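# Fold and geometry: a report
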Amino acid sequence: MRRWFPFIIVAAVGLATIAAGAILYRTYRQKVITLTKEQREASRRETVHVRGYAKAPVTIEEFGDFQCPPCGKLSEPLNQLERAHPKKVRLVFREFPLITHNHAKAAAYAAEAAGLQGKFWEMHDLLYREQETWAKAAEVESIFNSYAPLLGWT
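The notes below deal with the structure included here. (Residues numbered from 1 in each chain as written. Predicted model: local features only at pLDDT ≥ 70, side-chain atom pairs only at ≥ 80, totals over all residues. Heavy atoms only, no water.)

This part is about the sheet that holds strand S2 (residues 58–64). Within a sheet, neighbouring strands are paired by backbone hydrogen bonds and run either parallel or antiparallel to one another. The strand order S1-S3-S2 describes an open sheet built from three strands, whose pairing is mixed. At either margin of the open sheet sits one strand with a lone partner, and together these are strand S1 (49–52) and S2. In this sheet, adjacent strand axes meet at a mean angle of 20 degrees when their direction is disregarded. Both S1 and strand S3 (residues 89–95) contribute to a ladder of four bridges, which runs antiparallel. (Pairing = 2+ DSSP bridges. Helix = DSSP H or I, 4+ residues; strand = E, 2+ residues; numbered from the N terminus. Axes fitted to C-alpha atoms, helices over the stretch in contact; angles between N-to-C directions.)

This is the structure in structure tokens:
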């Protein structure tokens, strides 16, 4: 009996692990989401901002959060890359404000408002350049409104 006891323990632990894995798999399995017709139409109308040569062989697509420090640090190198290779690189930006950043959604709205006046990329660059200033502020709407004259829109 003693000789088989370690094998029984290993088998019991293995079975318990498989059972726990199966339970977790069933619990966290992705649910099937059915979109309504209106939701499908809204997703097709999503605003995508593109800068660069339309037939560029390289497209860099960023899902960015204007309050995210790594996104802010990546912004200028991407701009330099696009300027250095104007016919080879195209930038695509989509807003992806994270819920952990309390001003990210307001910044995305400000960028979209600028985009309605043809100044999205200018606001994009300004928001990332001034990120350390506005990200720590208690109220950002007045700061974003003060950026409007800098970009030449009201």
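With that out of the way, let us pick up the packing of aromatic side chains. Under the criterion given, the structure shown has eight aromatic pairs. An angle of 40 degrees between the planes, with centres 5.8 Å apart, marks the rings of Phe93 and Phe120 as tilted. A residue pair is termed long-range when its members are at least 10 positions apart, and Phe93 in strand S3 and Phe120 in helix H5 (residues 120–129) qualify at 27 residues. Taken together, a centroid distance of 6.2 Å and an interplanar angle of 45 degrees make the contact between Phe144 and Tyr147 tilted. (Phe/Tyr/Trp six-rings, centres within 6.5 Å; stacked < 30°, edge-to-face > 60°.)

In total, this model carries zero disulfides according to the counting rule given. We note that Cys68 lacks a disulfide partner, and the nearest cysteine sulfur, in Cys71, lies 3.4 Å from it. (Disulfide = S-S within 2.5 Å.)

So, about the nonpolar core. Grouped together as the largest cluster of nonpolar side chains are 25 residues, with contacts concentrated most on Phe66, Met123, Leu127, Trp134, Phe144 and Tyr147. Elements that contribute at least two residues to this core include exactly helix H3 (69–84), S3, helix H4 (104–116), H5 and helix H7 (141–151). Of all the elements, H5 adds the most residues to this core, at six residues. (Core = buried A, V, L, I, M, F, W, Y, C linked by side-chain atoms within 4.5 Å. Buried < 20%, exposed > 50% of the residue type's maximum accessible area, 1.4 Å probe, protein only.)

We now examine the pattern of salt bridges. Enumeration according to the criterion identifies four salt bridges in this entry. Glu82 is the salt-bridge partner of Arg51, the closest N and O atoms lying 3.1 Å from each other. Of this pair, Arg51 sits in strand S1 while Glu82 sits in helix H3; the two residues are 31 residues apart in sequence, bridging distant segments of the chain. Judged by relative accessible area, which is 19%, Arg51 ranks as buried. With a relative accessible area of 13%, Glu82 lands in the buried category. Where Glu61 meets Arg94, a salt bridge forms, and the shortest distance between an N and an O atom there is 2.3 Å. Here Arg94 lies in strand S3 and Glu61 lies in strand S2, a separation of 33 residues in the sequence. Taking the relative accessible area as the measure of exposure, Arg94 reaches 19% and is therefore buried. One salt-bridge network, in which partners are shared between bridges, spans Arg51, Glu82 and Asp125. (Salt bridge = Lys/Arg side-chain N within 4 Å of Asp/Glu carboxyl O.)

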